[in-house]
Amino acid sequence: MIGSPRLRRLATFGVAATLALVLGACAREYPNSTFTPHSDYGRAIDFLWNRLLFLGTMVFIFVEAVLLFVVFKYRRRSDDIVPPQTHGNTTLEIAWTLIPAAILVFIAVPTVRTIFQTQAKAPANAVQIEVYGHQWWWEFRYPEYNVVTANEIYIPTGRAVNFTLRTKDVLHSFWMPELSGKRDLISNHTNYIWFTTDSTTKTTVWNGFCTEYCGASHANMRFRVVTVKPDQFASWIQHQQAPAAFNTSAPAATPAQLANYVYPRADVPAYAVPQTPIPNGLTFDDRLQGDVGRGEKLFVGAGTCNGCHTVNGVALAAGIIGPNLTHVGSRIAIGAGLYANDSHHLARWIKNARVMKPGSLMSTLGKGQFDPQTGAKVPGGLDDQQIADIVAYLQALK
Ligand code: CUA
């Protein structure tokens, strides 16, 4: 039986497939994996997962082994002999009640302990971040520092960060797979989640996601977390508190100057830069040169951008429906992590955000563009040169 060629072939295939799977798992780094936690919270969850996996595997192997043993040992050996029939075994029944009960204790005790640990109040010295879920983007506020940003946060390593979670519309869920667990944003209810990243965590960018289905662009509701050393965090906060470093008469900050405040664009890992392709049929002449000054005038012009967006330091731009754009030029992505933040994508975003992101609240602004939500062409609207000017302005808001 064991020696049959078919079984041997099957066994060889099984071993090869397992090896391929194991090697495949080692082949590259997975940026959105929960198996390499970088915080106390992440490790607590990882410990539970490992224990459950270990105990579950042991139970599986034991049960399958006993099952195979019984099937082969007590099988009917010939047609005219009935195998011995048994019924009831008190020792066995006591054993299969006590052993699972003991295993459950080893699961329940650490689980309950972890629940209390992860639901506890944050330490008093934690960095406070208020999170507001919107369809479909994230608003972040640092109330202690009077900083408001969108879809991108900086957190200091080795220090507790306490997130206060609220939603402006439907349910969302806040998740940074490599850094912590996830927690829901619930209407008319405030949730909290807090964790401390390891002080050895490298200065880099992590992906964050909405993990509660929340409508058409649920999958396009992402954010970025930048972990930095405490002194870099302090300078980032200082930079965020200042109005956007833009002045028509002064040159924009050089990348080297900017690197003192924000994470250098060149160092952003590839997995954190969105690769979403531009939807078919949405064209723009990338050769157009935008003018920052004209762009600012258009931005604050009645009914254009300032009705929804705030730019700190620009009196006429104080809208609160959309993301705060004070330092939008230095962010990694636009559209809540959907597109890379560069002139190429920003121009098409302004031209027709509703084509770029299904269900987007941001109006279709390009002249003659078809608005998929109203089902009609935009009356009036901005021509490509005007869009290029606004793009130049936004890109200058570092
Ligand atoms: Cu927000 Cu899904």
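It should be emphasised that the depicted structure is a prediction, and the values quoted were computed from it without experimental measurement.

Along the polypeptide, His-172 turns up in strand S6 (residues 172–175). Of the polar contacts made by the side chain of His-172, one reaches the side chain of Asp-169; its length is 2.8 Å. Contact partners of His-172, with chain neighbours within four places excluded, come to Gly-133, His-134, Gln-135, Trp-138, Thr-167, Asp-184, Leu-185, Cys-210, Glu-212, Cys-214 and Met-221.

In this section: the domain arrangement of the protein. The domains assigned to the protein are domain 1 (40–74 + 90–119), domain 2 (127–241) and domain 3 (270–396). Using C-alpha coordinates to define each centre, domain 1 is positioned 53 Å away from domain 3.

At the junction of Gln-135 and Trp-136, the peptide bond is cis and its omega measures out at 0 degrees in the coordinates. Within the element layout of this structure, Trp-136 appears in the loop between strand S1 (127–134) and strand S2 (137–142). Although it is not a glycine, Asn-146 sits at a positive phi angle of roughly 60 degrees. Within the element layout of this structure, Asn-146 appears in the loop between S2 and strand S3 (147–150). Here Asn-146 falls in the exposed class, since its relative accessible area comes to 68%.

Assignment of secondary structure puts Asn-50 in helix H2 (residues 40–73). Spatially, the C-alpha atom of Asn-50 lies 9.4 Å from that of Phe-35, the residues being 15 residues apart in sequence.

Here we come to the pairing of strand S9 (residues 204–210). The buried fraction of S9 amounts to six of the seven residues, a majority that puts the element mostly inside the structure. Judged from the two bridges that link them, S6 and S9 form a sheet pairing that is antiparallel. Looking at S9, one finds that Phe-174 is bridged to Cys-210.

One pair of aromatic rings is described through two measures. These are the centre distance and the angle between the planes. Going through the model one piece at a time under the given rule, you end up with 16 aromatic pairs. Ring plane angle 75 degrees and centroid distance 6.1 Å describe the contact between Tyr-145 and Phe-233, whose orientation is recorded as edge-to-face. Here the residue Tyr-145 occupies a position in the loop between S2 and S3, and Phe-233 occupies one in helix H4 (residues 230–241), the gap between them amounting to 88 residues. Note on Tyr-145: relative accessible area 23%, which makes it partly exposed.

Right, let's get into the pattern of salt bridges. Enumeration over the complete set of coordinates arrives at seven salt bridges. With a closest N to O distance of 2.9 Å, Asp-198 and Arg-43 form a salt bridge. With Asp-198 in the loop between strand S8 (191–196) and S9 and Arg-43 in helix H2, this pair connects stretches of sequence that are 155 residues apart. Given the relative accessible area of 40%, Arg-43 is considered partly exposed. Among the salt bridges present, the one from Asp-384 reaches Lys-351, with a minimum N-O distance of 3.1 Å. Taken together, the positions of Asp-384 in helix H9 (residues 384–396) and Lys-351 in helix H7 (residues 343–351) put the pair 33 residues apart, joining distant regions of the chain.

Its 12 residues give H4 an end-to-end C-alpha distance of 17 Å, which sits within 8% of 16 Å, the value for a rise of 1.5 Å per residue. Within the span of H4, buried status applies to Phe-233, Ser-235, Trp-236, Ile-237, His-239 and Gln-240. In this structure, the buried residues of H4 make contact with S1, S2, S3, strand S4 (152–156), strand S10 (222–228) and helix H5 (255–258).

About the cut-offs
Residues numbered from 1 in each chain as written. Predicted model: local features only at pLDDT ≥ 70, side-chain atom pairs only at ≥ 80, totals over all residues. Heavy atoms only, no water. Helix = DSSP H or I, 4+ residues; strand = E, 2+ residues; numbered from the N terminus. Polar contact = N/O pair within 3.5 Å; in protein donor to acceptor, adjacent residues only side chain to side chain. Contact = heavy atoms within 4.5 Å. Domains from an automatic or database assignment. Buried < 20%, exposed > 50% of the residue type's maximum accessible area, 1.4 Å probe, protein only. Pairing = 2+ DSSP bridges. Phe/Tyr/Trp six-rings, centres within 6.5 Å; stacked < 30°, edge-to-face > 60°. Salt bridge = Lys/Arg side-chain N within 4 Å of Asp/Glu carboxyl O. Expected span 1.5 Å × (residues − 1).

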